[in-house]
Amino acid sequence: MFPEYDVIVVGAGHAGCEAAVAAANMGSKVMLATMNMQTIAQMSCNPAMGGVAKGQIVREIDALGGLSGIITDATRVQFRMLNRSKGPAMWSPRAQSDRHMFAAMWRQKLEENPNVDFWQEMIVGLVVKDGVVKGVRTSIGLEIPGKTVILTNGTFLNGLIHIGEKQFGGGRAGERAATGLTAQLTELGFEAGRMKTGTPPRVDGRTLDWSKMEVQHGDTDVEGRFSFTDSKLPEKQIPCHISYTNSAVHEMLKTGFERSPMFNGTIQALGPRYCPSIEDKINRFADRDRHQLFVEPEGWNTCEVYVNGFSSSLPEDVQYKAMRLIPGFENAKMFRPGYAIEYDFFQPTQLKPTLETKLVKNLFFAGQINGTTGYEEAGGQGLMAGINAHLNIHEQDPFILKRSEGYIGVLIDDLVNKGTKEPYRMFTSRAEYRILLRQDNADVRLTPLAHKIGMLGMEERMDSVNKKLEEEKEIAKFFANHSVEPDVLNKTLEEIGDSPLRQKVKLLPVLLRPKLNMGILADADSEVGTFLSSYDKTTLEYAEVGMKYAGYIKKEQEMVDKMIRLESVALKEDEDYDSLESLSLEAREKLNKVRPLSIGQASRISGISPSDISVLLVHKGR
C-alpha cells in the first residue's frame, strides 16, 4: 500500500512541519503522519511567533530554507522589534499571528510540495530491526516503511489534561493523546520522563472593556519582517492591549488552591520556569500585588482573545470569577478555561548532535519530545532533524551548527550535552557569542551553509546575501572616507545633547558616538542622506551595527577561533574513557553517557573539569 519513504515524520506541529519541508526540499520523499489533518501547524498556545532569542531562531530557520518566517510574515496581525533600547544582540522580532491563517498557509505550503505525502492516523509503534528503524506502525495495524523516522509528538505522548480536580487524556483541548510509542521506546532502552505545560483561558473580545486597558500598537515601520525574502506583508495591524491582575484577583485565585493539581500533588512534572501559571506566580511572588497580562487577538476575523500571562489549571469556576476582577474583564465571557497538560519526553542526552538517537539508527527526535518548550525551538529542531535525516540516508556528512553559528546550534548543543529537567526555553543569555548571533545577520551566517548542502531555493538567496555584503563594504568605505564640517552637524549635536565638533572630521568616528545613528546623520547632512537613500533599510541596519560594534565583534570572533581549535580535535564514538585513569570518575561517567564527538563538545558537558580536558588533549596527542 505504501512505498518506502526516505523520511517519515510523525506529528505535524511546528517541528514536524519544518522537518517535512526541510527533508523534502533536500530531495527526500517524505510521509507526514498526523492524527488530524485539520490541525496541521496548530498554534496550541499563544498566537505569536518570536520574542527574545526566539525571534533570532525564526530568522535562522528562514535563512536555512525553512518556512516559519515566511508564513508568519504573511499571516501576522502585528509586528514588533523588541529590545530596541538595548544593544543589537538583544533586538528580537516578534509577531502576533492570525491563528487560522497561519495553520491554513502551512498546510497549503506542504500540499504544494510534490515530495510530501500525508497519512491521517495515530502512529502507535516503530518497526525496528537489528537496532535500525525501518518504518512505523499505525493504530489499525498498517506498516509504513521508511529509511528514517523523525518523532515530533509534541505534548501528545500519553498527554493528560488537568482542570482543577478533573483529569482526562488529551494532547491538546479537544484532541486525544497518543499512546503506544513511549512503552516501546522504554523497552528499547530509552529514558523517559514527564513534563508539564499550560495555557490560559480564551475569552470573547466582544465582552471586554478595552478602554480600561493600555493599548500596545505594532511598529510603525510596516516593513519589519522575519523572512529575508521580499514576501508580501499585510498592510494593516491590530493593536494588542495590556491589563493587570490585582490583590482581589489573587485572593480569588487562592480560594482554588486546595483543588489545584499543582498544589495538591496531582501534577508531579516540572513546568516551564519562565512561563509559570498565574497561581504559581502569586504563590512564588507573594510580595507582588499585580502581574502584567497581554490581551492578544487571535486573528483578523474572530473575536476570540488570548489572555497571555493568565495560564492556569485551577477549577474553571475559580478561573472565571478571578478573571472578572481584572480591569476590563468585568463582563468577560469565557470560550474555554485554561488547563495544564502533562506529557512524556525523552532526555535529549540520548541524542547525537544531529538529533539522531544513539540507541536506534536512523531514528530522530525533534521538538517537545526532547524537553523543549516553544514553537520556535521546535521548528529549529525539526528543520535540523529533517536535513540530517536526508543526509543520513545518502551517507553524506552531518549538518551540525556550532554554538558560534546560530541559536539553533546553542539549543541543540545544550540539549545533547546537558539534558534538561524542566521545559527548555531559549534566551539570549544562553548564547556566549550573542553579538555574532544577531537577528540582522542570520542570512549572512547561515544561508551559505544551506546552499552548500543543497537546500532548494538557495541560489537566489545567495545572490541577496552577496549583494548585502558588497553594499555593506560600500557603506563602510563611505563612512571611513567622507568628511563632515562642524557647521553641518553641530546644530543637530546640540539638539541631542552631544558635544560639538571643533574641526572637520571623518564621518565614522561621529557615527560611533552612542547618541548618533545613520538616520540622524542622513537628516543633518544632505550628502549622507543622498548616499544612503540608495540602500534598503535592512542593509543599512546591518552595516551600521557592523561599524558601531566592530571591536566587540572582533573580540568575540577571537574567542570563537579558540573554541574551534578544540572542536577540531575529534573523539571517536567508541572512545575508551575507562582506560584513562587520570580522568575523574565523574568525567568518565559523563563521557560514556554523552559520547561527545569532539574535545570542544566534551568541554561543555556538566561535570567535566579543565583538568579532564587536559587529559583528553594529551590522550589525542595535543
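Residues numbered from 1 in each chain as written. Predicted model: local features only at pLDDT ≥ 70, side-chain atom pairs only at ≥ 80, totals over all residues. Heavy atoms only, no water.

We now examine the sheet that holds strand β13 (residues 202–204). Strand order in this open sheet of six strands is β14-β15-β16-β17-β13-β18, and the pairing throughout is antiparallel. The sheet is open, and its two borders are formed by β14 (214–216) and β18 (334–336), each paired with just one other strand. Ignoring which end each strand starts from, the neighbouring axes of this sheet average 35° apart. Here β13 runs beside strand β17 (residues 304–308); their pairing, made up of three bridges, is antiparallel. Residue pairing for β17: Arg202 is matched across the bridge by Tyr306. (Pairing = 2+ DSSP bridges. Helix = DSSP H or I, 4+ residues; strand = E, 2+ residues; numbered from the N terminus. Axes fitted to C-alpha atoms, helices over the stretch in contact; angles between N-to-C directions.)

Attention now moves to the pairing of strand β19 (residues 339–346). Across the eight residues of β19, eight count as buried, placing the element largely inside the fold. The alternating pattern of β19 places Tyr339, Ile341, Tyr343 and Phe345 on one face and Ala340, Glu342, Asp344 and Phe346 on the opposite face, and all of these are buried. Where strand β12 (residues 192–199) meets β19, eight bridges bridge the pair, whose relative direction is antiparallel. Looking at the pairing, Thr197 lines up with Ile341 of β19. (Buried < 20%, exposed > 50% of the residue type's maximum accessible area, 1.4 Å probe, protein only.)

What follows deals with the environment of Glu112. Note that Glu112 resides in helix α4 (residues 99–112). For Glu112, a relative accessible area of 49% translates into the label partly exposed. Put simply, Glu112 and Thr34 are 78 residues apart on the chain and 17 Å apart in space, counted from C-alpha to C-alpha.

Bringing the packing of aromatic side chains into the picture now. Tallying each qualifying case throughout the model produces ten aromatic pairs. Taking 5.5 Å as the distance between ring centres and 45° as the angle between the ring planes, the aromatic pair formed by Phe190 and Phe365 counts as tilted. Placement of the pair is Phe190 in the loop between α5 (181–187) and β12 and Phe365 in strand β20 (residues 363–365), with a sequence separation of 175 residues. Residue Phe190 shares its accessibility class with Phe365, and that shared class is buried. Centroid distance Phe478 to Phe531: 3.9 Å. Interplanar angle 10°. Geometry classified as stacked. (Phe/Tyr/Trp six-rings, centres within 6.5 Å; stacked < 30°, edge-to-face > 60°.)

In this section: the side chain of Arg445. The residue Arg445 is located in helix α11 (residues 442–452) in this model. At a separation of 3.4 Å, a polar atom in the side chain of Arg445 contacts the main-chain carbonyl oxygen of Leu436. Residues contacting Arg445, with those up to four places away along its chain left out, are Glu60, Glu405, Gly406, Leu436, Leu437 and Arg438. (Polar contact = N/O pair within 3.5 Å; in protein donor to acceptor, adjacent residues only side chain to side chain. Contact = heavy atoms within 4.5 Å.)

The next point concerns the pattern of salt bridges. Tallied over the entire structure, the rule returns 35 salt bridges. The salt bridge involving Asp344 is made with Arg194; its shortest N-O contact spans 2.9 Å. Taken as a pair, Asp344 in strand β19 and Arg194 in strand β12 lie far apart in primary sequence, 150 residues in all. Overall, Asp344 belongs to the buried group, its relative accessible area being 7%. A salt bridge links Glu298 to Arg202; the nearest nitrogen and oxygen atoms lie 3.5 Å apart. In this pair, Glu298 is assigned in the loop between β16 (292–297) and β17 and Arg202 in strand β13, connecting sequence segments 96 residues apart. Assigned by exposure class, Glu298 and Arg202 land together as buried. Through salt bridges with shared partners, a single ionic network connects Arg403, Asp413, Asp414, Lys418, Glu432, Glu567 and Arg604. (Salt bridge = Lys/Arg side-chain N within 4 Å of Asp/Glu carboxyl O.)

Spatially, the four strands line up as an open sheet ordered β11-β10-β19-β12, and their pairing is antiparallel. Whereas interior strands pair on both sides, the edge strands pair on one side only; in this sheet they are β11 (166–169) and β12. For this sheet, the mean angle separating the axes of adjacent strands, direction not counted, is 25°. Across three bridges, strand β10 (residues 160–163) lies against β19 in antiparallel orientation. Its bridge partner being in β19, Leu160 is matched across the sheet by Glu342.

Everything listed here is a matter of coordinates, which is why it stays silent on function.
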